[in-house]
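Structure at a glance
Letter by letter, the chains look like this.
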Amino acid sequence: AFRNPELVSLEQEYTRSATENLFRLELLRLNRIPDIKPGDIAYAKAMIKYVSEQKLKDLFFALVGFLGNPVGELRDAAGIGIAKLEDDRIYPILANMLGAADPLERTYAVQTIYHLKDERTFTFLTSALEDVEESIRYHAIQSLLELNDPQSVRIFIDLLENDPEIEVKIKS
């Protein structure tokens, strides 16, 4: 059977030095490496991909930690990775993030919800449309547009007619 050489290399590296790799992944997750270089980002993305493709659910919380990372590429990789793990433990975490006081955390929650794309996604995104922050509503609209769910049409019309922010109206 054909195996992706990049994945084989990652698998060998992971099994050879799992503790060291996970420690480095944890440092990246916590943004504790003073000068994150592009190679470190690529390494973290590769490890996130490996964890998700191998369905290593015991490392679920390591991926969750990346959802608040200041590097957007890592947040997206973690969101995609968590979606591939198909682990329902993400939903209470996202519900807490959507209820956070920090608007940035709520934005990251909406961005992550988009990657999940299951029957619960629509409910989470429509609840985000009620957020007081315009940017969060905007991200929720973007995600709903990309999901292409017919139920969204009614919601977009309502936003167009009733949302106080012109940018939200334009997006809907």
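As a starting point, this report considers the structure included with it. (Residues numbered from 1 in each chain as written. Predicted model: local features only at pLDDT ≥ 70, side-chain atom pairs only at ≥ 80, totals over all residues. Heavy atoms only, no water.)

**A word on the side chain of Thr112**
- Tracing the sequence through the fold places Thr112 in helix α7 (residues 103–116).
- In this structure Thr112 comes out as buried when scored by relative accessible area, which is 3%.
- Residues in contact with Thr112, not counting those within four places in the same chain, are Leu67, Gly79 and Leu94. (Helix = DSSP H or I, 4+ residues; strand = E, 2+ residues; numbered from the N terminus. Buried < 20%, exposed > 50% of the residue type's maximum accessible area, 1.4 Å probe, protein only. Contact = heavy atoms within 4.5 Å.)

**As for the side chain of Arg137**
- Its place among the elements puts Arg137 in helix α9 (residues 134–147).
- A polar atom in the side chain of Arg137 sits 3.2 Å from the backbone oxygen of Val132. (Polar contact = N/O pair within 3.5 Å; in protein donor to acceptor, adjacent residues only side chain to side chain.)

**Some thoughts on the packing of aromatic side chains**
- Tallied over the entire structure, the rule returns two aromatic pairs.
- Both rings, one in Phe60 and one in Phe61, keep their centres 4.8 Å apart while their planes meet at 80°; by these two values the pair is edge-to-face.
- The class for Phe60 is buried, based on a relative accessible area of 0%.
- Taking the relative accessible area as the measure of exposure, Phe61 reaches 47% and is therefore partly exposed.
- Ring geometry for Tyr91 against Phe124: centres 5.7 Å apart, planes inclined by 35°, an arrangement best described as tilted. With Tyr91 in helix α6 (residues 90–98) and Phe124 in helix α8 (residues 121–128), the pair connects residues that are 33 residues apart, well separated along the chain. Phe124 matches Tyr91 in its accessibility class, with the two residues each being buried. (Phe/Tyr/Trp six-rings, centres within 6.5 Å; stacked < 30°, edge-to-face > 60°.)

**Structural notes on the nonpolar core**
- Ile82, Ile90 and Leu94 are the most contacted members of the largest nonpolar core, which has 41 residues in total.
- Of all elements in the fold, only α3 (38–53), α4 (60–64), α5 (72–85), α6, α7, α8, α9 and α10 (152–162) reach the threshold of two or more residues within this core.
- When residues of this core are assigned to their parent elements, the largest contribution, six residues, is made by α6.
- Beyond its immediate stretch of four places on either side in the chain, Leu94 contacts Ala109, Thr112, Ile113, Leu116 and Phe124. (Core = buried A, V, L, I, M, F, W, Y, C linked by side-chain atoms within 4.5 Å.)

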